[in-house]
Amino acid sequence: SKACEEVRRDARYPPPVLQQLPKVHQMIGNYGSLSMTCAELFGHDSVPSDQASACLKSMYDRRELTIFFLDAMANAMEEPDQMAAIFGPFLNQACFSLRGRNLVDQKLEEFRLIADVSATKGPLAKLLVTLPAFRPAAAPQAAPNPLMSMMAGASGSVPQPGMGWRLQSESLLGWILSPTCIDTALYKEQSARSVHFSRGLASRSRSSVESVQRLLRDTVQEVLRQGSSVVAPLLRAGE
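Residues numbered from 1 in each chain as written. Predicted model: local features only at pLDDT ≥ 70, side-chain atom pairs only at ≥ 80, totals over all residues. Heavy atoms only, no water.

A. View of the overall build of the chain. Regarding its fold elements, the chain presents 14 helices and zero strands. Helices and strands in the chain line up, N terminus first, as α-α-α-α-α-α-α-α-α-α-α-α-α-α. The 239 residues of the chain split such that 35% are buried. For the chain, contacts bridging at least 24 residues in sequence account for 64% of all contacts bridging at least 6. (Helix = DSSP H or I, 4+ residues; strand = E, 2+ residues; numbered from the N terminus. Buried < 20%, exposed > 50% of the residue type's maximum accessible area, 1.4 Å probe, protein only. Contact = heavy atoms within 4.5 Å.)

Structure representation (structure tokens):
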């Protein structure tokens, strides 16, 4: 599958060759799906779902796994439960890798996988919205909100985190949309203000301050575009 991608990007190959690539991709995906779900056909022992999922993670870490291969394998699987058992843990782990995403560290490589999965609008995209990482569990078990602790003051009574805070700190869409300029209370020295204005405003020229303001404004707009690139395809999944 990776070789197919290299051929697709190589302008030396004529159009008739490139037109065959989707068929080759799907054929590779079909064999990949069979190797994980029915290894006996190839003379091997049956592969447990957790082992197949770990294999996907290992291939991804070695940059051997393309989104075309993932999508082709998912489309080749006839049993939704089996597909969820194999791809679910891998995708859920990919979602959790976005935890801690902020304006300074947007975890773009991790985000790209989620955006690519959403763009398929197929079985993987449908599976994504069913994962534990997509929505917090019903139990009110959340990371402490430092803003709420500051509001509580000396009363000793810390309000329980609301659903809005939990969606931001415990869900995939929350991690995607969480980068903001107003993040000092959360990230301290890693906040946008600390990184871009570490020397304070007094020592900066007006043009320098305006340049940073434009950078931050453009970065926030890019975060919104990133969120849209995930949400919009998910809304059209299955079309």
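B. Main features of the packing of helix H4 (residues 49-61) against helix H6 (residues 80-96). Where H4 meets H6, the axes come as close as 8 Å, and the angle between the chain directions of the two elements is 45 degrees. Judged by the angle between their axes, H4 and H6 are oblique. Between H4 and H6 lies a crossing of right-handed hand. Of H6, the residues touching H4 (which contributes Ser49, Ala52, Ser53, Leu56, Lys57 and Tyr60) are Ala85, Ile86, Phe87, Pro89, Phe90 and Gln93. Split by residue class, the contact of H4 with H6 holds eight nonpolar, three polar and one charged. (Axes fitted to C-alpha atoms, helices over the stretch in contact; angles between N-to-C directions. Parallel < 35°, antiparallel > 145°, perpendicular 65-115°, else oblique. Left-handed = near helix turned anticlockwise from the far one by under 90°. Nonpolar A, V, L, I, M, F, W, Y, C, P; charged D, E, K, R; others polar.)

C. Seen up close, a nonpolar patch on the surface. Nonpolar side chains collect at one region of the surface, where Met27, Tyr31, Leu34, Leu41 and Phe42 lie side by side and expose about 500 Å² of accessible area between them. Mapped onto the elements, Leu34 comes out in helix H3 (residues 21-37). (Patch = residues over 30% accessible without salt bridge, like charges linked within 9 Å, V, L, I, M, F, W, Y side chains within 5 Å. Areas by Shrake-Rupley, 256 points an atom, 1.4 Å probe, with all protein chains shown as cover. Salt bridge = Lys/Arg side-chain N within 4 Å of Asp/Glu carboxyl O.)

D. Geometry of the packing of helix H5 (residues 67-76) against helix H7 (residues 108-120). Between H5 and H7, whose axes approach to 10 Å, the crossing angle comes to 45 degrees. Our classification of the angle between H5 and H7 gives oblique. Where H5 crosses over H7, the two elements pack in a sense that is right-handed. In this structure, H5 uses Ile67, Leu70 and Asp71 to contact H7, whose residues at the interface are Leu113, Asp116, Val117 and Thr120. Its residues placed into classes, the contact of H5 with H7 shows four nonpolar, one polar and two charged.

E. Here's a closer look at the side chain of Asn102. Inspection of the secondary structure assignment puts Asn102 in the loop between H6 and H7. Assessed through its relative accessible area of 7%, Asn102 is described here as buried. Within the local environment of Asn102, its side chain forms a polar contact with the backbone nitrogen of Val104, the two atoms lying 2.9 Å apart. (Polar contact = N/O pair within 3.5 Å; in protein donor to acceptor, adjacent residues only side chain to side chain.)

F. Inspection of H4 at higher detail. Across its 13 residues, H4 extends 19 Å between first and last C-alpha, which sits within 8% of the 18 Å expected from 1.5 Å per residue. One or two steps after H4, the chain reaches Arg63, where phi turns positive at roughly 60 degrees. (Expected span 1.5 Å × (residues − 1).)

G. How the structure looks around the nonpolar core. In this structure, Leu56, Leu70 and Phe87 are the most contacted members of the largest nonpolar core, which totals 35 residues. When residues of this core are traced back to their parent elements, those giving at least two are H4, H5, H6, H7, helix H8 (123-128), helix H11 (172-177) and helix H14 (206-235). When residues of this core are assigned to their parent elements, the largest contribution, seven residues, is made by H6. (Core = buried A, V, L, I, M, F, W, Y, C linked by side-chain atoms within 4.5 Å.)

H. Expanded view of the packing of aromatic side chains. Within the structure shown, the criterion is met by three aromatic pairs. Here Tyr31 and Phe42 contribute two aromatic rings whose centre-to-centre distance is 6.3 Å and whose plane-to-plane angle is 55 degrees, an arrangement assigned as tilted. Of this pair, Tyr31 sits in helix H3 while Phe42 sits in the loop between H3 and H4, placing them eleven residues apart in sequence. Ring geometry for Phe96 and Trp175: centres 5.2 Å apart, planes at 55 degrees, overall tilted. Of the two residues, Phe96 is situated in helix H6 and Trp175 in helix H11; the sequence distance between them amounts to 79 residues. Relative accessible area serves as the criterion here: at 30%, Phe96 is assigned to the partly exposed category. The positively charged end of Arg101 is found above the aromatic ring belonging to Phe111, 5.1 Å away from the centroid. (Phe/Tyr/Trp six-rings, centres within 6.5 Å; stacked < 30°, edge-to-face > 60°. Lys NZ or Arg CZ within 6 Å of the ring centre and 35° of its normal.)

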